[in-house]
Each structure stands twice: as C-alpha cells, then as structure tokens.
Amino acid sequence: LISELAKRKRTRVYLVGGVVRDLILGFPNYDLDLVVEGDAIEFASFVAQKLEAKLVTYQPFGTASLFVGERKRRIDFASARQEFYAYPGAPPQVEHSNLRRDLFRRDFTINAMAISIYPDDWGELFDFFGGFKDLQKKLIRVLHPLSFVEDPARAIRAVRFEKKYGFQIEPFTMSLLKQTVREGLLAKIKPDRLKEEIQLILRLPGFYSYLQRLYQLDMFPYLFPGCVWKSDYDILYPRLERLIQEEASTERLDFFLLKMTPLLSDIQFDSLEAFVERLHLSKRFYSQVKTYLGRRTVLERILQEKTSPPSRVFEVCSEIPLEFLYFTLAKFHDQDLARERIRNYLTKWRFVKPELTGSDLKQLGIPQGPIYAKILRELQKARIDNLVYSREEEIALAIK
Ligand code: ATP
C-alpha cells in the first residue's frame, strides 16, 4: 500500500537499516524504518490519511512515525538528506545520491543497506558499501575510519551485533574500536544515550555475555565506573537470568537494576555515585543499592544462621530491595537453608496479613497513634512464626 502511495506521489521510498539486515538473515524484525527521497513528514501525513493511521511528527528532525492497524505497529519515516536533488536523467553516480548519503551516516555496513519499495524497482537492494558481502562473511565493519570518533556509542553497538548474530568485528574495525577505547572517547557518550544502548543489551537473551565482552574490551571504566567482571559471574549470571525468566517476570521490578545486581554487589561504594551519574539513574536507584550494600552482611548472616526465626528473616528481607533478594537467591542457590528462606519470604511471608485491622484495634480501646503500625507488624510476625492461629489469639497478643 505504501508502495502504491509512493508511486502516486512520485516519491522514492526505501526500507533501510536493521530490518533489511534481518530480512536477509531471516531474523524477525518488526521495526520498519523507511527513508523517503523527499519530505518524509509530508509523505507520512499523506500515508496516514489514506491508511487512517495515527501520525506523530518530529519537525526538528524532519521525521514522522505512523502507528498502523489494531496492534499499532510503528513505521518510521525519515528524509534522505536533501543537499541537492537527483534530477531526472541524472547520470548513474548521482542517481540515488541522497539515499547513498543517508546510508553512509550509518554505523556498520550490514546496517547500511536499503531495499526499494517503489513500484518501478520494488525489491531492489541498494548496497553501496558491501553490506551484503559482510553479512555473508559474518563481519561487523564500519563505513569509514572516523566512525567511532563521530559516535563512540557505536563501539557498544558493535559488541551487541557481534554477540547477537555470532559475527566477528572485522580486524581493522576492531583496531579502530580499541583505539577509541584507549583514547577515552567512550566518556563522550551522553548518559541517556549510554543507558539506551545498555538497555538494548539487557533485553537480549544471555545479556551478561555482552557485558562480559564490554569488560574484555576494557570499556567498563567508561560505562560502569567502579565495576569489574568477576569469574564467579559465569555461574551467577546464568542462574539470575533463569530466575528472571521463571520467577521474577511477573513482579514489578526495576529490570535494569535487577540485571546489574551482580556488578553492583561488588562495586566500590565510593564509585556508586559516579555509576549512577554516568548512566543518569535515579536517586531511588542510588538509595536501593546503598541500602543493599549497607544491609548485606546482616542479611547473609541471618539467612544462614540456623536459629533465626522466620520473622527475623522476614524483617531483614523486607528492608532489602526485591531486586537484590532475587540476586541473593541466585547467589545462595546451593545453600538449602538460605535459599528456602528467601523463597519463603518471596512467595509467602511478605503476603501474610494479621486478621485484626486498625479499626479492630480501635474497638479494643487502644489509643490511636504510631503504635498501631507497630502492633500490626508484631501480629504479622507472630503469624509468620506460627505463634498465633486465630483472631482471639491475635487480640490477646495485641492487648499485651
Ligand atoms: P535492532 O533491530 O537489534 O534494534 P537495529 O539495527 O534496528 O537493531 P536501531 O538502534 O533500531 O538498531 O537502529 C536502526 C538503524 O539506524 C540501524 O540499523 C543503523 O542503520 C542506524 N543507526 C542506529 N544507531 C546508529 C548510530 N549510532 N550510528 C549510525 N547509525 C545508527
């Protein structure tokens, strides 16, 4: 349909970037990126009208997004740069020069191909930089030697594509990447941009192997200040990932924090502030890590001490952010007592409620005040320890 509309408007339109790469590889990819040789906003508005789709435009960038169909699938439109227009009958090297220039701004050859969806040459692959050959050879290659200097975040992207597709970073590209790291250029990546790239990694299966690769390539000091990769993560991280998939997926958790817990559990406390700043994380994030680091020793002792009553475990667990409890569960995977205690906390104890409520306490003639919360908490603990079984026993304890 877009193809027909392109013909009606005499506007050349191409599928570009990751979707072309994935089409050739046979990978699923539903991010449709289109490049328009002409005004992308005008063309997207025309398409939106005909398809009755929702349109969002970004005037300063000359781009637009359409949300199509019941599932509101997104299609992005961008303009190929318009420094000069290809004119009818132009010699071949000038033809498609706008498209070529657009593709030349991209990160790697495998991401710099386009497929025409214009009826006259529908399906034709435009591959100016050898992307197709690199896909066949499984190589990640920059388009020019200054690529990483232009945008050092591409170094992280190189690692993502390398691992995700099982490709290799081509030797010259690798030498440029290492030089970029050595020269400290990664420090120039803006925090929000950095966070986005890391989030893209954290969403992938086996995300930790990407983190390990970033470490191997000496990128950690610029990405995760104060963190290193430790050999026990090789066992810990796969366990954590399994827990996330099997048990934590329905929890309301900060998945960024959760997936970073192993690194953060070993961070030098002095570096925590720098870490939070580097990735533009929240104050809440900072205080959650700080709480964990401050309470970890007590938590681990209580979990392992045979004499700790359930209510004591409950007390200490309830102070710790859930993300770190899942981490501790992975860490104590081989220790039955500690593991079962955390499991009990996560699945049972934190949901235990006393039968009595605030209004019951009022009826019992207990003067209102902060004491209510304290009594209800004591009742909850007594329930967890199986010290009370009935409403009457709760009343007796509350009065005491
Ligand atoms: P994935 O499907 O795994 O997200 P993708 O290639 O679609 O991969 P995006 O981040 O969505 O990744 O980017 C879309 C396209 O935009 C890329 O294929 C690439 O052509 C271009 N691109 C993205 N980031 C950069 C960058 N930092 N420098 C140059 N080009 C980029």
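Everything numeric in this text was worked out from a predicted model, so none of it was measured.

On to the pairing of strand β4 (residues 63-68). Bridge count for strand β3 (residues 54-58) against β4 is five bridges, and the pairing is antiparallel. Following the sheet pairing, threonine 57 is matched in β4 by alanine 64. Here β3 hands over to β4 after four residues, with glycine 62 in that stretch at a positive phi of 65°. Alignment of β4 against strand β5 (residues 73-79), held across five bridges, turns out to be antiparallel. Considered in β5, the bridge of alanine 64 is made with phenylalanine 77.

Let's shift gears to the pattern of salt bridges. Counting across every chain of the model gives 31 salt bridges. With a shortest N-O distance of 2.7 Å, arginine 157 and aspartate 107 are connected by a salt bridge. Of this pair, arginine 157 sits in helix α7 (residues 154-165) while aspartate 107 is found in the loop between α4 (97-104) and β6 (114-116), placing the two residues 50 residues apart along the sequence. For the pair formed by arginine 157 and aspartate 107, the shared burial category is buried. Each member of the salt-bridge network shares a partner with another, and the members are Asp107, Glu150, Asp151, Arg154, Arg157, Arg160, Arg193 and Glu197.

What follows covers the packing of helix α15 (residues 283-304) against helix α18 (residues 336-347). Two numbers describe how α15 lies on α18: the axes approach to 8 Å, and their chain directions differ by 110°. Considered as vectors, α15 and α18 are oriented roughly perpendicular to each other. When α15 is examined against α18, the residues Ile302, Leu303 and Gln304 are found in contact with a partner set consisting of Leu337, Ala338, Arg341 and Ile342. The residue inventory of the contact of α15 with α18, partitioned by class, reads five nonpolar, one polar and one charged.

So, how was this worked out
- Residues numbered from 1 in each chain as written.
- Predicted model: local features only at pLDDT ≥ 70, side-chain atom pairs only at ≥ 80, totals over all residues.
- Heavy atoms only, no water.
- Pairing = 2+ DSSP bridges.
- Helix = DSSP H or I, 4+ residues; strand = E, 2+ residues; numbered from the N terminus.
- Salt bridge = Lys/Arg side-chain N within 4 Å of Asp/Glu carboxyl O.
- Buried < 20%, exposed > 50% of the residue type's maximum accessible area, 1.4 Å probe, protein only.
- Axes fitted to C-alpha atoms, helices over the stretch in contact; angles between N-to-C directions.
- Parallel < 35°, antiparallel > 145°, perpendicular 65-115°, else oblique.
- Contact = heavy atoms within 4.5 Å.
- Nonpolar A, V, L, I, M, F, W, Y, C, P; charged D, E, K, R; others polar.

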